[in-house]
Amino acid sequence: MEVDVTKQLDQIADKCRSIITSSSGIIIRDKEKLLVISEVLFGEMGFTRNEEDYFNYKNSLLNCVLQSKKGLPITLAILFTCVARRLNIVVDMIDFPGYVVLGFFD
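Residues numbered from 1 in each chain as written. Predicted model: local features only at pLDDT ≥ 70, side-chain atom pairs only at ≥ 80, totals over all residues. Heavy atoms only, no water.

Trainee: Sorry, what's going on with the environment of Tyr99 here?
Mentor: On the secondary structure map, Tyr99 appears in strand S4 (residues 99–103). With 83 residues separating them along the chain, Tyr99 and Cys16 place their C-alpha atoms 26 Å apart. (Helix = DSSP H or I, 4+ residues; strand = E, 2+ residues; numbered from the N terminus.)

Trainee: I keep staring at a nonpolar patch on the surface and nothing clicks. Help me out?
Mentor: Side chains of Ile74, Ile78, Met93 and Leu102 sit close together on the surface and give an oily, nonpolar patch of about 300 Å² of accessible area. Relative to the elements of secondary structure, Ile78 occurs in helix H4 (residues 73–86). (Patch = residues over 30% accessible without salt bridge, like charges linked within 9 Å, V, L, I, M, F, W, Y side chains within 5 Å. Areas by Shrake-Rupley, 256 points an atom, 1.4 Å probe, with all protein chains shown as cover. Salt bridge = Lys/Arg side-chain N within 4 Å of Asp/Glu carboxyl O.)

Trainee: So what exactly am I meant to see when it comes to the pattern of salt bridges here?
Mentor: Close approach of charged atoms allows side chains of opposite charge to pair. Taken as a whole and assessed by the stated rule, the structure comprises six salt bridges. For Arg29, the salt bridge goes to Asp106, with nearest N and O atoms at 2.2 Å. Here Arg29 is found in the loop between helix H1 (5–21) and helix H2 (30–44), whereas its partner Asp106 is found in the segment after S4, with 77 residues between them in sequence. With a relative accessible area of 46%, Arg29 lands in the partly exposed category. For the salt bridge of Asp30 with Lys33, the shortest nitrogen-to-oxygen distance reads 3.7 Å. Separated by three residues within a single helix, Asp30 and Lys33 lie in helix H2, roughly one turn from each other. (Buried < 20%, exposed > 50% of the residue type's maximum accessible area, 1.4 Å probe, protein only.)

Spelled out as structure tokens, the structure:
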């Protein structure tokens, strides 16, 4: 089954956008928008780290992660960043030895 990565990322961003804009006219800061992205990806959609098969190469491929909803932390961080950028929020990946950290400056 082939996954259209761009289309799926757009759909996830659209879902987040609809939640954000349904806030009855309240201006939502980027920080709150990031919480919406987090809830959609890791709550509603169930994306998580693949603990059962951590070293499988497919955990590094965004198309496979979009399909299985399991991946490496760095791939999940890339997914989060891709969705955030579609909502015009700049999230940076910060180099921290042995870990992946996302940075946001308000």
